[in-house]
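# Observations on the model geometry
Next come the chains, spelled out residue by residue.
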Amino acid sequence: MTQETLSDWVRKLRAREISSRELTRLYLDRIERLDADLNSFVTVTAESALEQADAADARLAKGEEAPLLGVPVAQKDIFCTRGVRTACGSRMLDPFVSPYDATVVERMHAAGAVMLGKTNMDEFAMGSSNETSFYGPVRNPWDTARVPGGSSGGSAAAVGARLAPGATGTDTGGSIRQPAAFCGITGLKPTYGRVSRYGMIAFASSLDQGGPMAASAEDCGHMLNAMAGFDERDSTSLERPAEDFTAALDADLTGLRIGLPQEFFGEGLDDGIRAALDEAIRVLRERGAEIREVSLPNSHLSVPAYYVVAPAEASSNLSRFDGVRYGYRCEDPQDLLDLYTRSRGEGFGAEVKRRIMVGTHVLSAGYYDAYYLKAQKVRRVIADDFRRVFADVDLLLGPTTPELPFELGAKSADPVKMYLSDIYTIAANLAGLPAMSLPAGEVQGLPVGLQLIGNYFDEARMIGVAHQFQQETDWHARVPSAFA
Amino acid sequence: MSVDTEHVQRIAELSRLAMDDDQAREFAGGLSDIFDFVEQLDGADIEGVEPMAHPMDAAQRLRPDAVTEPDRRDDYQAIAPAVEGGLYLVPRVIE
Amino acid sequence: MEWETVIGLEIHAQLNTVSKIFSGAPTAYGAEPNRQACPVDLGMPGVLPVLNRGVVERAVMLGLALDAEVAGRSVFARKNYFYPDLPKGYQISQFELPIVASGHLDIELEDGSTKRIGVTRAHLEEDAGKSLHEGFEAMTGIDLNRAGTPLVEIVSEPDLRSAKEAVAYMKKLHSLVRYLDICDGNMQEGSFRCDANVSIRPKGQAEFGTRAELKNLNSFRFVERAINFEIERQIDVIEGGGRVVQETRLYDPDRDETRSMRTKEEANDYRYFPDPDLLPVEVDQDFIEEIRGRLPELPDAKRERFVREYELPEYDAGVLTATREMGDFYEAVVRGCNAPKLAANWVMGEFSAALNRSEVELAEAPVDAGALAGLLARIQDETISGKIAKEVFEAMWNGEGDADSVIEAKGLKQITDTGAIDAIIDEVIANNPKQLEQYKGGKDKLFGFFVGQVMKATQGKANPAQVNERLKERLDQA
């Protein structure tokens with residue numbers, strides 16, 4: 001039963017081969033039995049999940065069709081859920097029971113999805129290892145001594161261990177793709193503006209984008225069909241007609257132009273990952289794709305630009321957490337300043353404080369031009385590199401991460417080293433492009449992620465190509481033995 | 001750029017984060033590394049480039065002027081740390 | 001030494017939209033605390049701002065009325081600081097690229113001349129909430145109903161040279177925003193607030209002195225008094241050998257003085273940057289033209305038209321166009337009675353006096369424009385005299401009905417029947433033989449005596465012109 005993907009469940013539910021209640025029960029049991037080793041869920045909403053499952057069964061019985069009708073999924077704890085604690089991995093929001101649903105949650109509910117619970121994450125999505133969560137680290141189902149990646153590490157580990165057929169994630173600098181790569185699953189960051197940010201707790205507003213995480217590309221297509229769409233409550237939401245992201249699953253790869261950014265294959269890339277990618281490229285070439293080398297000459301500037309832009313936005317976005325209207329408030333504040341500084345000092349963890357301080361510094365008088373304005377200009381230079389390249393190729397392909405999942409604690413002491421985990425993923429966020437990671441091999445028993453970066457709005461094609469690759473390979477279908 | 005504890009204290013204060021000298025010392029190292037790291041931007045060729053605040057070159061959409069939000073004060077204040085008579089309470093603000 | 005005062009005003013006008021600038025919560029004044037604050041206004045996690053079209057339309061209207069440049073592209077930024085009435089920890093405001101720039105407003109000075117005051121910019125921003133200190137021990141209560149209310153901040157050039165000019169500018173702007181119907185102008189409720197930057201310099205010196213920013217100037221009177229106090233204070237400081245420091249000073253109306261607000265000023269670093277939750281606001285020519293088409297006639301244009309069309313003196317036209325409501329009222333009266341000068345006299349005279357006496361707003365006046373026009377028509381058609389009309393108006397104001405029913409009920413109709421008047425005249429002549437003799441003897445002045453006697457006998461209801469004419473004839477024949 002761990003063999004079935006989300007897409008399989010969609011078909012079986014429609015064919016009434018299984019009820020939503022049975023399926024929900026099945027995953028709730030797995031969570032109960034297996035999550036102690038992973039810590040991937042921070043909240044399990046068993047009772048309401050079963051109620052939602054019954055409602056979905058009633059709709060199925062009436063012959064209703066909705067993209068995810070009856071399918072259990074997990075929500076990253078960054079999405080606000082009405083009546084359910086939404087803590088964002090932070091002590092600051094540990095007491096926060098949201099009075100409203102995020103648009104993504106609302107849409108998935110309307111699409112018939114059943115929420116199993118909320119998944120663990122790096123505090124306020126700031127991290128690449130899931131070690132900054134107030135609720136403790138998440139562990140990688142392939143090797144519990146290793147990290148699952150971050151910040152959507154709970155979602156990735158849960159799907160990797162098949163504790164949920166699909167989960168939502170958010171990606172500001174790689175937070176869907178890097179954990180997807182580390183946990184051997186497929187994850188997609190859509191074009192900026194595809195998925196509403198309303199009710200998705202902001203880290204860096206101009207970079208954040210929600211997206212699906214599941215076993216296969218087809219699964220991601222089904223989930224994205226439910227998640228994406230214009231939202232009048234988000235000014236940055238794209239006004240585009242609804243689209244079927246599974247429309248190009250039968251893509252013919254003949255003549256598809258795939259570019260390999262040479263900068264993604266240079267020094268620093270793990271040899272095992274390089275070999276796995278070579279093999280993947282061979283598979284695609286065999287299917288008729290044209291592979292060519294391209295260059296993104298400014299890509300080395302993406303991590304430094306990101307570590308100015310993202311903390312700057314974050315420092316301001318996190319100012320609302322002040323202990324006044326909701327969330328953590330320190331004991332017995334002496335005066336207003338004490339209320340602010342202690343509530344925030346005690347409510348935020350070290351990495352969040354670090355990034356707030358970086359952001360405050362780069363925006364402060366005398367530093368704005370040297371840091372923030374310069375980073376915004378570099379951002380355009382990076383986006384222009386992509387524009388140029390997409391005149392010649394349809395898709396870009398490279399590694400998702402420079403290295404395999406690392407051990408817990410390996411990088412905690414060195415923030416810059418940790419930041420470089422996202423060296424291949426950040427550029428797509430800066431440019432706002434869609435990108436995905438899919439499993440493409442195994443090295444020392446650990447999964448390897450292959451990254452595709454598409455042109456704006458090209459998710460359907462990207463999903464189609466990934467799906468074709470997954471017809472030829474079975475990396476995405478593998479489950480770590482402890483969870484099989 | 002290297003930052004000293006005094007500078008860390010200054011930005012912690014602007015950020016309203018309680019921070020004693022020991023903590024400031026701990027943060028100073030990591031922050032210095034980060035500021036050194038982002039100084040790579042100094043080498044970028046950005047002559048004449050317009051800053052990019054947003055991934056899409058779109059314009060702000062305008063909402064019709066209409067009241068759409070119901071009064072849900074009780075829901076919103078149920079999760080507040082301190083309220084009285086419908087007001088959020090904070091330690092006395094001296095003006 | 002002779003000193004020159006330099007003043008620039010920053011005026012915050014609350015835009016009269018029904019919903020807030022970035023949320024769908026209502027803006028009505030006076031609701032119970034926090035009942036008009038939605039998640040966006042409360043700065044809850046994950047919620048996002050969406051700009052209100054009504055706010056942009058009003059800003060464009062203001063820009064056109066100030067003959068300013070309306071920016072094709074303007075940008076909202078975040079002004080970051082912590083304060084309990086600022087729920088997000090930042091205020092969304094336009095900083096580098098405001099929606100309106102480089103306008104002007106002409107004010108009339110006491111000597112009758114006109115002075116052009118530059119308007120540097122007008123930008124949109126959200127208001128903060130309110131802190132309430134009464135009623136809690138050692139605590140402050142926060143009401144966020146006002147948080148997110150749309151404001152336009154209108155910044156003048158430092159072109160004003162006295163407290164009187166500053167008040168004239170403020171009044172002119174107050175009239176303008178109400179003409180445009182973009183702000184209710186209610187100063188008690190804080191819908192129209194003013195800060196003043198005041199400095200002095202030796203007369204003839206080109207560069208500006210150090211300025212103080214005066215806050216809490218919530219009435220025209222306070223603006224004048226606070227500025228005058230501040231000018232004296234700065235002169236005293238400098239002439240006493242000191243230096244003016246750049247600072248914010250709060251006006252205390254009870255003590256009629258300004259005092260330093262040093263505490264709030266220390267170490268502010270607002271870290272402005274473009275708000276990534278909002279995209280640039282684009283206003284194209286079509287949008288501007290559509291708004292231009294909806295612009296009402298503005299005060300200066302209306303005043304000129306009143307002079308031209310109704311042949312009113314400049315002064316009358318100025319009074320009657322001081323507010324849009326007054327101008328509209330006057331024109332409605334003219335339409336009803338077709339007597340522009342008479343209407344002007346009455347609207348500015350009896351009617352305005354009655355408003356002041358009863359302390360009611362124009363819109364609530366017990367005599368509306370149609371009723372007043374009805375009264376003036378009776379003067380025009382000589383049913384009653386101007387003197388009787390005042391009595392009728394008094395009755396109308398007290399709710400005794402329209403002009404015709406009051407005239408009827410009180411029997412105030414003018415006597416115009418020649419026979420009836422002649423009979424009274426004859427009686428008056430017969431009763432005053434001595435006066436008749438003297439008149440005949442050449443004492444022409446006594447004609448007035450006879451007029452008075454006739455009017456007295458008719459209780460003022462006789463048509464004075466007719467009385468004159470008939471009396472002359474009868475006296476000549478007598």
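Preceding this section is the structure that the text describes.
Residues numbered from 1 in each chain as written. Chains lettered and ligands numbered in written order. Predicted model: local features only at pLDDT ≥ 70, side-chain atom pairs only at ≥ 80, totals over all residues. Heavy atoms only, no water.

## Let's talk about the overall build of chain B
A count of helices and strands for chain B gives three helices and three strands. Along chain B, helices (α) and strands (β) appear in the sequence α-α-β-α-β-β when read from the amino end. Against the globule reference of 12 Å for 95 residues, chain B gives a C-alpha radius of gyration of 23 Å, more extended than a compact globule. If one aligns the C-alpha atoms of chain B with their principal axes, the spans along those axes are about 55 × 45 × 25 Å. Within chain B, buried positions represent 47% of all 95 residues. (Helix = DSSP H or I, 4+ residues; strand = E, 2+ residues; numbered from the N terminus. Rg over C-alpha atoms; globule rule 2.2 N^0.38 Å. Buried < 20%, exposed > 50% of the residue type's maximum accessible area, 1.4 Å probe, protein only.)

## What about the environment of P366 of chain C?
Its location among the elements puts P366 of chain C in the loop between α10 (340-358) and α11 (369-380). What makes P366 of chain C partly exposed here is its relative accessible area of 46%.

## Things to note about the sheet that holds strand β10 (residues 139-143) of chain C
If you walk across this open sheet you meet the four strands as β2(B)-β3(B)-β10(C)-β9(C), and the pairing is antiparallel. Every other strand in the sheet has two partners, leaving β2 (83-84) of chain B together with β9 (130-132) of chain C as the edge strands with one partner each. With four bridges joining them, strand β3 (residues 87-91) of chain B and β10 of chain C adopt antiparallel strand pairing. Looking across to β10 of chain C, one finds that Y88 of chain B is bridged to I142 of chain C. (Pairing = 2+ DSSP bridges.)

## Some details on the interface of chain C and chain B
Counting from both sides, the interface comprises 48 residues of chain C and, opposite them, 34 residues of chain B. Counting the contacts that link chain C with chain B gives two salt bridges. A salt bridge links E32 of chain C to R73 of chain B, with the shortest nitrogen-to-oxygen separation between them at 3.8 Å. Taken together, chain C and chain B are joined by 23 residue pairs in polar contact (both at pLDDT 80 or more). Secondary structure elements with two or more residues in the side of chain C that touches chain B: α1 (39-42), β2 (51-52), α2 (53-65), β10 and β17 (281-282) of chain C. By residue number, the principal contributor to the side of chain C that touches chain B is β10 of chain C, which donates five residues. A class-by-class count of the residues in the side of chain C that touches chain B yields 30 nonpolar, 10 polar and eight charged. (Contact = heavy atoms within 4.5 Å. Salt bridge = Lys/Arg side-chain N within 4 Å of Asp/Glu carboxyl O. Polar contact = N/O pair within 3.5 Å; in protein donor to acceptor, adjacent residues only side chain to side chain. Nonpolar A, V, L, I, M, F, W, Y, C, P; charged D, E, K, R; others polar.)

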